[in-house]
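# Structural overview for review
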Amino acid sequence: RAYFDLIGLPPRPEEIAAFLADPRPDAYARLVDNLLARPQYGERWGRHWLDVARYSDGLGGFGQGRLPHAYQYRDWITNAFNRDLSYDQFVRLQIAGPADANSLDTPATGFLALGPTYKSDGGDPDSKAQAQSETLDDRVDTFSRGFLGLTVSCARCHDHKFDPIPTIDYYSLAGVFNNTRSTISPFASPEIVRKYQDAQQAIKQLDAQAKKLQGEYTKGGRKPTPVEQERLKQLRDQSAHAKRIAPPRYPEIHSLVDSGNRDMPIALRGNLRKPGPVAPRRPLRILSENEPPPFQAKGSGRQELAAAITQPGNPLTARVMVNRLWQHHFGRGIVRSSNNFGYIGEEPTHPELLIWLAAELMEGGWTLKR
């Protein structure tokens, strides 16, 4: 069971024999530590998280084909579990990204960037607004159910029917993601990017010179002279050599970047073409002991949002994750509806156990392996 739970693979016969022959009283603890240290651990548990992140290598019916660099996020998730990245940092990186643009953690915002970006099917204002609304709803829904176990997207068109989440709080979150955009970014140092671009620019210049001379030498239907032919050959040889020695294209990632810092108005009945009162960007009020202040940052507010949901006083972030751990070890979560801790979700079968596990996670440095 430990093998299947932690690495998803059965033990080999010789591993079973070695365990049964181990007389030490901590033999099982040693076995668990060994399994946690294997690379297959991150593959097994990263796959569970990729379900939460609605991961895909393509966008299916959204008309955008494949996501060629999606694997970078998948590999980052695997590595994050293997290096036991603290869960609070794991959350913050996927929402806001690292402070250093050259960090190896930059693929983390694929959590949001790999989601569907809906396109207008008609180009008219109503179609554009509908596409934007659906894209924002995907971001809010994935964020709220994945990290908080709340169905915040139910408040898109009206106050939530069951949970204390008014429409204005939905647009407080949507306003954060409304100031972002998905893009493809280099996953390499500026020096590597510059060397590649310089090499490609040199190749383009050589090809352009050869093309220009070819046109001049054959103008009016004449044939190039031997000297002209030699000049063309030299340029083409130089281009071929430059292509052979050019550095390979640097790796890239799908990432989320800030594009503004404005609050957005409530969309009356979910229609962005019918704006209502402006919703300040801030955390969900139901998760705050006091009225949370609006975000003041120059950017989208993702940094503040990430900090708000990982601060120790937040009652849901740790509980949602330890419930997912329990679910994948025992088949069912302490809260059976692992994506919905709201009123119509299932009540925890052992609430004190859930609270204790969440406290253990936070007090133990948010380490999942522990």
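Look a little higher up for the structure.
Okay, so let's go over this structure.

Rules behind the numbers
Residues numbered from 1 in each chain as written. Predicted model: local features only at pLDDT ≥ 70, side-chain atom pairs only at ≥ 80, totals over all residues. Heavy atoms only, no water. Phe/Tyr/Trp six-rings, centres within 6.5 Å; stacked < 30°, edge-to-face > 60°. Helix = DSSP H or I, 4+ residues; strand = E, 2+ residues; numbered from the N terminus. Buried < 20%, exposed > 50% of the residue type's maximum accessible area, 1.4 Å probe, protein only. Axes fitted to C-alpha atoms, helices over the stretch in contact; angles between N-to-C directions. Parallel < 35°, antiparallel > 145°, perpendicular 65-115°, else oblique. Left-handed = near helix turned anticlockwise from the far one by under 90°. Contact = heavy atoms within 4.5 Å. Nonpolar A, V, L, I, M, F, W, Y, C, P; charged D, E, K, R; others polar. Expected span 1.5 Å × (residues − 1). Polar contact = N/O pair within 3.5 Å; in protein donor to acceptor, adjacent residues only side chain to side chain.

### So, the packing of aromatic side chains
Evaluated as defined, the whole model comprises 15 aromatic pairs. Between Phe143 and Phe147, the aromatic rings sit 5.9 Å apart at their centres with planes inclined by 70°, giving edge-to-face as the arrangement. Residue Phe143 and its partner Phe147 are both found in helix α8 (residues 125–148); the two are separated by four residues, about one turn of the helix. Judged by relative accessible area, which is 1%, Phe143 ranks as buried.

### A word on the packing of helix α10 (residues 190–217) against helix α11 (residues 226–245)
Taken N-terminus to C-terminus, the directions of α10 and α11 make an angle of 160°; their axes are 9 Å apart at the nearest point. Classed by the angle they form, the pair α10 and α11 counts as roughly antiparallel. Between α10 and α11 lies a crossing of left-handed hand. Taken together, the residues of α11 that come into contact with α10 (itself represented by Ile203, Leu206, Asp207, Gln209, Ala210, Leu213, Gln214 and Tyr217) are Glu228, Arg231, Leu232, Leu235, Arg236, Gln238, Ser239, Ala242 and Lys243. Tallied by class, the residues present in the contact of α10 with α11 amount to eight nonpolar, four polar and five charged.

### A few points about α8
Counted at 1.5 Å a residue, the expected span for α8 with its 24 residues is 34 Å, and the 33 Å between its end C-alpha atoms agrees. The buried fraction of α8 amounts to 17 of the 24 residues, a majority that puts the element mostly inside the structure. Trailing α8 by a residue or two, Gly149 shows a phi angle of about 65°, which is positive.

### Observations regarding helix α3 (residues 27–36)
Of the residues making up α3, those classed as buried are Ala27, Leu31, Val32, Leu35 and Leu36. Packed against the buried residues of α3 are α1 (2–7), α2 (13–20) and α4 (39–52).

### Side note on the side chain of Thr142
Checked against the element boundaries, Thr142 lands in helix α8. A distance of 2.8 Å separates a polar side-chain atom of Thr142 from the backbone oxygen of Asp138. Residues in contact with Thr142, not counting those within four places in the same chain, are Val52, Arg54, Phe111 and Phe147.

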